[in-house]
Amino acid sequence: MKIILNQDVVNLGEEGDVCVVKDGYARNYLLPTGAAVIYNKANAALFASRAEAIEKRKVAKRAEAASLKEKLDAVTLEIVVPAGESGKLFGSVTSSMVQEALGKLGFEIERKKIEVQTHAIKMTGSYTITVHLYENEASHIKLNVVSDAELKERAKKAAEEARAKAEAEAKAKAEAEAAAAAEAENEAKAEEEAAPVAEAETEAKEE
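Predicted model only: the values in this text are computed from it and were never measured.

Participant: Before we move on, can you summarise the sheet that holds strand β2 (residues 18-20) with the specific residues and values?
Facilitator: Reading across the sheet, the 3 strands line up as β2-β1-β3 and stay open at both edges, with antiparallel pairing between neighbours. Of all strands in the sheet, those bounded by a partner on one side alone are β2 and β3 (36-38). Pairs of neighbouring strands in the sheet enclose a mean axial angle of 40°, with direction left out of account. Across 3 bridges, the pairing between strand β1 (residues 2-5) and β2 is antiparallel. When the bridges of β2 are listed, I4 appears paired with V18. Docked against the sheet, helix α2 (residues 41-49) engages β1 and β3, running at close to 25° with respect to β1.

See below:
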């Protein structure tokens, strides 16, 4: 069936595009939801009259997509999941999980715009996730999949390092205070020893 898109549809086209799709897809989704209208002379003429307004919206969407791409390209996601010692996940990381992780960072991305390698990640490690934005614009996000055991070990190590740092700082402070006290004691002792000499010199001058 030949249709005209009334709005942007992921993996199909943008507002105003003329597409040929399967009848079932058109009748069951595109037409009932208002995402498209049947292509005919009347509708074609209607969209032709809207061409300028549609193009203005496309320009705005391109600018928005470019701005969003810049922000997303700087993102590194970390998803923590249960996994075995070999790194095999007890389950998988899906586009829905990536969508949720992005949402926590303030990015509202449609799940169908998120492309996960092999559709589902089943091992810990580093991956690249593709987020399709507008037209051919896409962002590539770094994703680290970490096991919950590794996260606990990382937290334990960080706590140990923090404790060692605090102990080292406390020791350095104590040593500095001890050195300052010793220096003050030496200065006091030197002044005490110098006092009789100064007094004798004063008496000698008076004589």
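Participant: Can you break down the sheet that holds strand β6 (residues 114-115) residue by residue, with the values?
Facilitator: Taken together, 4 strands build an open sheet; the order of strands is β4-β9-β8-β6 and the sheet is mixed. The open sheet has two free edges, formed respectively by β4 (76-81) and β6, since each of these has just one partner strand. Pairing of strand β8 (residues 125-132) with strand β9 (residues 138-147) involves 8 bridges; the strand directions are antiparallel. Along β9, the bridge assignment pairs V131 with S139. Taken strand by strand, helix α3 (residues 51-73) contacts β8 and β9, and its axis lies near 25° from that of β9. In the packing of helix α4 (residues 95-104) onto the sheet, contacts are made with β4, β6, β8 and β9, and the angle to β4 comes to roughly 120°.

Participant: Could you give an account of the environment of R62, naming the residues involved and the relevant values?
Facilitator: Summarising the element assignment, R62 is placed in helix α3. For the pair R62 and L133, spaced 71 residues apart in the sequence, the C-alpha separation amounts to 8.9 Å. Ignoring anything within four residues of it in the chain, the contact list for R62 reads E55, Y134 and E135.

Participant: Hey, could you go over the pairing of β8 for me, with residue numbers and the actual values?
Facilitator: Note: β6 against β8, 2 bridges, orientation antiparallel. Note on β8: the bridge partner recorded for E115 is T130. In this structure, the hairpin formed by β8 and β9 is closed by a connection of 5 residues, where E135 is found at a positive phi of approximately 55°.

Participant: Before we move on, can you summarise the packing of aromatic side chains with the specific residues and values?
Facilitator: Tallying each qualifying case throughout the model produces 1 aromatic pair. Measuring from ring centre to ring centre gives 5.8 Å for Y25 and Y29, while their planes differ by 5°; the resulting arrangement is stacked. Separated by 4 residues within a single helix, Y25 and Y29 lie in helix α1 (residues 23-30), roughly one turn from each other. Classification of Y25 as partly exposed rests on a relative accessible area of 34%. Over the aromatic face of Y39 sits the side chain of K2, whose NZ or CZ is 4.3 Å from the ring centroid. Geometry around F47 places R50 over its ring, the cationic atom sitting 5.1 Å from the centre.

So, how was this worked out
Residues numbered from 1 in each chain as written. Predicted model: local features only at pLDDT ≥ 70, side-chain atom pairs only at ≥ 80, totals over all residues. Heavy atoms only, no water. Pairing = 2+ DSSP bridges. Helix = DSSP H or I, 4+ residues; strand = E, 2+ residues; numbered from the N terminus. Axes fitted to C-alpha atoms, helices over the stretch in contact; angles between N-to-C directions. Contact = heavy atoms within 4.5 Å. Phe/Tyr/Trp six-rings, centres within 6.5 Å; stacked < 30°, edge-to-face > 60°. Buried < 20%, exposed > 50% of the residue type's maximum accessible area, 1.4 Å probe, protein only. Lys NZ or Arg CZ within 6 Å of the ring centre and 35° of its normal.

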